[in-house]
Amino acid sequence: MERNELYPIFLKLNQLNVLIVGGGNVGLEKLSFMLKSSPNANIEVVAMHFLPELLALAEKHNVIITHSKFKKKMLKKRHLVIACTDNLKVNKRVYELSKKRNLLANIADTPEFCDFYLGGIVTKGNVKIAISTNGKSPTTAKRLREFFEEIIPDDINKMVENLNEYRKTLKGDFQEKVDKMNEITQSLKGKK
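Nothing here was measured: the structure is a model prediction, and the numbers come from that model.

Engineer: What is the right way to look at the nonpolar core in this model?
Structural biologist: The biggest cluster of nonpolar side chains holds 22 residues, and the ones touching the most others in it are I20, L31, M34, I43 and V45. Among the secondary structure elements, those contributing two or more residues to this core are β1 (17–21), α1 (25–37), β2 (42–47), α2 (52–60) and β4 (80–83). Each residue touching M34, except ones within four places of it in the same chain, is listed here: L13, V18, I20, I43, L80 and I82. Core analysis: the next-biggest nonpolar cluster, separate from the first, contains 15 residues, L19, L97, L103 and I107 among them.

Shown next, in the form of structure tokens:
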């Protein structure tokens, strides 16, 4: 059986600089996906042409729109780059230039040119779950997202907040606090 070797992390996109190259349907999908989870993300989208829906979304979220062809200098001071033009040659150039600058890149629909994937995400207050199918099946990730959205109770955020407040009152060293929190949350596993 093939292993999923991806390492999930949660990025603070409001503290990073993201460049999306492409203003079409895939650009809109990538931008929407990022802004749904991180509405204050620092994103610039560069393209010669933009879908009206992308422009409307960008305006709502203070996303920078640049009407231009992609230029190498646009990679300066970036952390993440997504290329989703309909021109594979441009996308590949974005990837190669990103690699020279040690930037993380995602080239849409080209797994061999991806350092990361945008997976399915479930958010309930402070609880966030990321789902990956190793780039193999976005539909499966979508169905799992729908499943978790349905089974995770809406009031889970209240529990997280309460446990956080309780954790602050605990005395003792780190291990004693971990043991106490493990004891309290044991019932979440459905076992005692």
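Engineer: Sorry, what's going on with helix α3 (residues 88–100) here?
Structural biologist: Three or four residues apart is the spacing at which side chains of an α-helix point the same way, because the helix has 3.6 residues per turn. With 13 residues, α3 should cover 18 Å at 1.5 Å per step; its first-to-last C-alpha distance of 18 Å lies within 8% of that length. Tucked inside the fold, the buried residues of α3 contact β1, β4 and β5 (104–107). Among the residues trailing α3, N102 stands out with phi positive, at a value near 60°.

Engineer: How should the packing of helix α5 (residues 156–169) against helix α6 (residues 174–185) be read in this particular structure?
Structural biologist: Two quantities define a packed helix pair, namely the angle between the axes and the distance from one axis to the other. For the pair α5 and α6, the least separation of the axes is 11 Å and the interaxial angle reads 145°. In the packing of α5 onto α6, the handedness of the crossing is right-handed. Listed contacts from α6 to L163, Y166 and R167 of α5 are K180, M181, I184 and T185. Taken together, the residues of the contact of α5 with α6 break down into four nonpolar, one polar and two charged.

Engineer: Whenever I open this one, unusual backbone geometry confuses me. Can you help?
Structural biologist: Excluding glycine, a negative phi dihedral is what most residues carry, and trans is how most peptide bonds are arranged. Despite not being glycine, K77 shows a phi value in the positive range, around 60°. Within the secondary structure, K77 sits in the loop between β3 (64–67) and β4. One non-glycine residue, D109, lies in the positive phi region at around 60°. Counting through the fold element by element, D109 comes out in the loop between β5 and β6 (120–124). Residue D109 is classed as exposed on the basis of its relative accessible area of 76%.

Engineer: Can you walk me through the packing of aromatic side chains in this structure?
Structural biologist: The geometry of an aromatic ring pair is captured by two quantities: the separation of the ring centres and the angle between the planes. Enumeration according to the criterion identifies two aromatic pairs in this entry. Considering the side-chain rings of Y95 and F113, the 4.9 Å spacing of their centres and the 40° angle between planes classify their relative orientation as tilted. With Y95 in helix α3 and F113 in the loop between β5 and β6, this pair connects stretches of sequence that are 18 residues apart. As far as burial versus exposure is concerned, Y95 and F113 are alike and both buried. Relative to F148, the ring of F147 has its centre 5.3 Å away and its plane inclined at 65°; by these criteria the two rings are edge-to-face. Among the residues examined, F147 registers a relative accessible area of 44% and is labelled partly exposed. By relative accessible area, F148 is classed as partly exposed at 26%.

Engineer: What am I meant to see in the layout of surface pockets here?
Structural biologist: One water molecule sets the probe size; rolling that probe over the atoms shows where empty space is left. The space that makes up the largest pocket amounts to roughly 1600 Å³. Within the residue set of the lining of the largest pocket, elements represented by two or more residues are α1, β5, β6, β7 (127–131) and α4 (138–151). As for the second largest pocket, its lining consists of 17 residues, and the residues nearest its centre are A47, M48, T85, D86 and V90. For the lining of the second largest pocket, the secondary structure elements donating two or more residues are β2 and α3. When grouped by side-chain class, the residues that make up the lining of the second largest pocket number seven nonpolar, seven polar and three charged.

Engineer: Is there a simple way to explain a positive patch on the surface in this structure?
Structural biologist: Together, K69, K71, K72, K73, K76, K77, R93, K100 and R101 make up a region of like positive charge exposed at the surface. Tracing the backbone shows K100 in helix α3.

Engineer: Which parts of the structure should I look at to understand the packing of α1 against α2?
Structural biologist: Interhelical geometry of α1 versus α2 gives an angle of 25° and a closest axis separation of 9 Å. With respect to α2, the axis of α1 lies roughly parallel. Read as a crossing pair, α1 and α2 show a hand that is left-handed. For the pair formed by α1 and α2, the contact residues are G27, L28, L31, S32 and L35 on the first element and E53, L54, L57 and A58 on the second. Here the contact of α1 with α2 is composed, by residue class, of six nonpolar, two polar and one charged.

Each value, and the rule that gives it
- Position numbers for residues start from 1 in each chain and track the written sequence from start to end.
- In keeping with the predicted nature of the model, local features appear solely for residues at pLDDT of at least 70, side-chain atom pairs appear and are counted solely at 80 or more, and the whole-chain, interface and lining totals rest on all residues.
- Side-chain metrics rest on all non-hydrogen atoms present in the structure, leaving aside hydrogens and water.
- In this description, a nonpolar core means a group of buried Ala, Val, Leu, Ile, Met, Phe, Trp, Tyr and Cys residues linked to one another through side-chain atoms lying within 4.5 Å.
- Here the term buried applies to any residue with accessible area under 20% of the maximum for its type, exposed to any over 50%, and partly exposed to those in between, with areas from a 1.4 Å probe on protein chains only.
- Think of it this way: any DSSP run of H or I at least four residues long counts as a helix, any run of E at least two long counts as a strand, and we number them from the N terminus.
- The contact criterion used is simple: two residues touch if any of their non-hydrogen atoms lie within 4.5 Å.
- Multiplying one less than the number of residues by 1.5 Å gives the expected span of a helix.
- Orientation is described by lines fitted to C-alpha atoms, with helices fitted over the stretch in contact, and by angles between N-to-C directions that extend from 0 to 180 degrees.
- For any pair of crossing helices, the crossing counts as left-handed if the nearer helix is rotated counterclockwise from the farther one by less than a right angle, and right-handed if it is rotated clockwise.
- Under the grouping applied here, Gly and all other residues not named as nonpolar or charged are polar, the nonpolar ones being Ala, Val, Leu, Ile, Met, Phe, Trp, Tyr, Cys and Pro and the charged ones Asp, Glu, Lys and Arg.
- Ring pairs shown here join Phe, Tyr and Trp side chains whose ring centres sit within 6.5 Å, with only the six-membered ring taken for Trp; geometry is labelled stacked below 30 degrees between planes, edge-to-face above 60, and tilted in between.
- Whether a set of points on the 1 Å grid over the protein atoms alone is a cavity depends on a 1.4 Å probe fitting there but being unable to get out, while an open set qualifies as a pocket with protein on both sides within 12 Å along at least five of seven lines; lining residues are those with an atom within 4 Å of a point.
- Grid points are joined across faces, edges and corners, and a volume is the space filled by probe spheres set on the points.
- The residues that make up patches have over 30% relative accessible area and no salt bridge, and they are joined within 9 Å when like-charged or within 5 Å when they are Val, Leu, Ile, Met, Phe, Trp or Tyr.
- Residue-level accessible areas treat just the shown protein chains as cover; the underlying method is Shrake-Rupley with a 1.4 Å probe.
- Salt-bridge detection follows one rule: a side-chain nitrogen of Lys or Arg within 4 Å of a carboxyl oxygen of Asp or Glu.
- Neither His nor the chain ends contribute to the count of charged residues, in which Lys and Arg are positive and Asp and Glu negative.
- Each charge is placed at NZ for Lys, CZ for Arg, CG for Asp and CD for Glu.
- Any angle from 65 to 115 degrees is called roughly perpendicular, while one under 35 is roughly parallel, one over 145 is roughly antiparallel, and all others are oblique.

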